[in-house]
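Listed below are the residues making up each chain.
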Amino acid sequence: MAHNILVLPGDGIGQEVMTQVRRTIDWFGDNRGLDVNITEDKVGGSAYDAYGAPITDEIVDQALAADCVLFGAVGGPQYDTLDFSLRPERGLLRLRKDLELFANLRPAICFDALAEASSLKKELVAGLDIMIVRELTGGVYFGEPRGISDLPNGERRGINTQVYDTYEIRRVARVAFDLAQKRGNRVHSSEKNNVMESGILWKEEVQWVHDNEFADVQLEHILADNCGMQLVRAPKQFDVIVTDNLFGDMLSDVAAMLTGSLGMLPSASLGARDEATGKSKALYEPVHGSAPDIAGQDKANPLACILSLAMALRYSLDKSDDADLLEAAVDRVLGSGVRTGDIMSEGATLTSCTGMGDAVLAELSKSISG
Ligand code: NAD
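In this text, all values refer to a predicted model and were calculated from it rather than measured experimentally.

**Thoughts on helix H9 (residues 245-257)**
Since the α-helix packs 3.6 residues into each turn, any two residues three or four apart lie on the same face.
Turning to step 1, where the next piece is worked out: Here H9 spans 19 Å end to end across 13 residues, near enough to the 18 Å set by a 1.5 Å rise per residue.
Turning to step 2, where the next piece is worked out: For H9, the elements touching its buried residues are strand S4 (103-109), strand S5 (129-135), strand S8 (186-191), helix H8 (224-233) and strand S10 (240-243).
Turning to step 3, where the next piece is worked out: Where H9 starts, the residue carrying a side-chain oxygen 3.1 Å from the main-chain nitrogen of Leu246 turns out to be Asp244.

Here is the structure:
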């Protein structure tokens, strides 16, 4: 049965990198029997220009009905003075909210050919393959009470509240354990139970999910500050890390930088699993933004977006073999020394966004011609 994919390229380089993703999808359709119905629409600044809003109700409905959403990037200086409610990023935030995408998956994979580009020693990062699962819809970024108030003594007080309920912790823990079973079967759960009650609850609930549903997975609890240190000391000790919204925000950026450029980082955001279909709502997007400084110049690295497609093949489209094929093709392209400007190194061959797309398709074709 055909899968329905909603493609939202967005603004700036979002358009350019998504063009390469569309070519890659076509390749899988032509050569591997991938059966998809694609609807493409606007989001962010381009939607504001066309429809007067960063996303429309119709597009949200399409996203809700789709098997997954492929998202490019949004934003640009021309939209910076708009009212907050009309800013491009509101389009993405609305999708995350309406699709209830509570689990953010950020892989940190170091391709051997790029190991030299890491700020850590090559031997610490070569072969690195970590998955950080960040809770995305709760915690201190959303907790009440919040705000800034005036105090009687003339000073001011800023308040945010870290708050988690059992169901929020258990559902994201399940995503992490489920992923671990398909990888190295190990989960580190990270919080600050030494100083935060919400951390005590986090630890207890993750342990509950483990003991009752995933006892075969190896679970370790690690304080978030220690997790940060271990990520830069010996990152390969980790397989899956599950953590809350705030710590996840920081730890996923730390892990990301171990692997080199923003242009290489994919992500997925997953919602609850539908009991009837076994599927989760899902949105796949590169970690980078719309890069106005290089937009429209065919210079962007499309690999983060192409690797996000690989995640979609694996987690939404039941095509793990095709995901493996695509990731292996990217690995070989990098191994051959083809580079966009952001990952350029001495002796490598500089190419364009389109050229990188060509190189990936050529490697894919080689891989099936034996
Ligand atoms: P950015 O990620 O767009 O760019 C940061 C730097 O990295 C720039 O120098 C850019 O040229 C480079 N870069 C990013 N992606 C690249 C790629 N694929 N290939 C080569 N180089 C790449 O972040 P920014 O400059 O802080 O933000 C620009 C706009 O993007 C802003 O409007 C911001 O709000 C928006 N933004 C959107 C998202 C999103 O859509 N999820 C995320 C971050 C920023």
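**Focus: the sheet that holds strand S3 (residues 68-73)**
Turning to step 1, where the next piece is worked out: Pairing is mixed in the open sheet, where 10 strands are placed in the order S2-S1-S3-S12-S11-S4-S5-S10-S8-S9. The sheet is open, and its two borders are formed by strand S2 (36-40) and strand S9 (218-223), each paired with just one other strand. Put simply, the sheet's adjacent strands are angled 20 degrees from each other on average, direction ignored.
Turning to step 2, where the next piece is worked out: Direction of pairing for S8 relative to S10: parallel, over a ladder of four bridges. Its bridge partner being in S10, Ser189 is matched across the sheet by Val242.
Turning to step 3, where the next piece is worked out: With respect to the sheet, helix H3 (residues 57-65) is in contact with strand S1 (3-10), S2, S3 and strand S12 (280-286), its orientation differing from that of S1 by roughly 140 degrees.

**Overview of helix H7 (residues 197-213)**
Turning to step 1, where the next piece is worked out: Over its 17 residues, H7 extends 24 Å from the first C-alpha to the last, a length consistent with the 24 Å expected when each residue adds 1.5 Å.
Turning to step 2, where the next piece is worked out: The complete set of buried residues in H7 reads Ser198, Gly199, Trp202, Glu205, Val206, Val209 and His210. Along the axis of H7, the buried positions cluster into a sector of 140 degrees, meaning they face one direction only.
Turning to step 3, where the next piece is worked out: Looking at the buried positions of H7, the neighbouring elements they touch are S5, helix H6 (166-181), S8, S9 and S10.

**Quick look at the domain arrangement of the chain**
Turning to step 1, where the next piece is worked out: By the assigned domains, the chain splits into domain 1 (1-110 + 265-370) and domain 2 (129-258).
Turning to step 2, where the next piece is worked out: Centre-to-centre separation of domain 1 and domain 2, based on C-alpha positions: 26 Å.
Turning to step 3, where the next piece is worked out: Opposite the 16 residues of domain 1 that make contact, domain 2 presents 19 residues.
Turning to step 4, where the next piece is worked out: Counting the surface lost from both domain 1 and domain 2, the interface buries some 1500 Å², and carbon and sulfur atoms represent 62% of this.
Turning to step 5, where the next piece is worked out: Where domain 1 meets domain 2, there are two salt bridges.
Turning to step 6, where the next piece is worked out: A salt bridge links Asp253 to Arg106, with the nearest nitrogen and oxygen atoms 2.9 Å apart.
Turning to step 7, where the next piece is worked out: Between the two partners, domain 1 and domain 2, sit seven residue pairs in polar contact (both at pLDDT 80 or more).
Turning to step 8, where the next piece is worked out: At the level of elements, S4, strand S11 (266-273) and helix H10 (303-315) are the ones that each hand at least two residues to the side of domain 1 that touches domain 2.

Parameters and conventions
- The residue count restarts for each chain, going from 1 along the sequence in the order it is written.
- Restriction of local features to residues with pLDDT of at least 70 applies here, the model being predicted, together with a cutoff of 80 or more for giving and counting side-chain atom pairs; totals for whole chains, interfaces and linings are based on all residues.
- Note that the side-chain values use all heavy atoms of the structure and ignore hydrogens as well as water.
- A run of DSSP states H or I qualifies as a helix once it reaches four residues; a run of E qualifies as a strand once it reaches two. Both are numbered from the N-terminal end.
- By this rule the span expected of a helix is its residue count minus one, scaled by 1.5 Å.
- Any two residues having at least one pair of non-hydrogen atoms within 4.5 Å are treated as being in contact.
- Polar contacts here mean pairs of N or O atoms no more than 3.5 Å apart (in protein, one a potential hydrogen donor and the other a potential acceptor; neighbouring residues in sequence count only if both atoms are side-chain atoms).
- Here, strands pair whenever DSSP counts at least two bridges between them.
- Lines fitted to C-alpha atoms define the axes here, with helix axes fitted over just the stretch in contact, and angles between the N-to-C directions of these axes take values from 0 to 180 degrees.
- Note on classification: 1.4 Å probe, protein chains only; a residue is buried when its accessible area is under 20% of the maximum for its type, exposed when over 50%, partly exposed between these limits.
- It is the directions from the helix axis to the C-beta atoms whose arc is reported.
- Here the bounds of each domain stem from an automatic or database domain assignment.
- A simple way to read buried area is as the amount of 1.4 Å-probe accessible surface that goes missing from two parts once joined, with both sides added.
- A carboxyl oxygen of Asp or Glu within 4 Å of a side-chain nitrogen of Lys or Arg is what we treat as a salt bridge.

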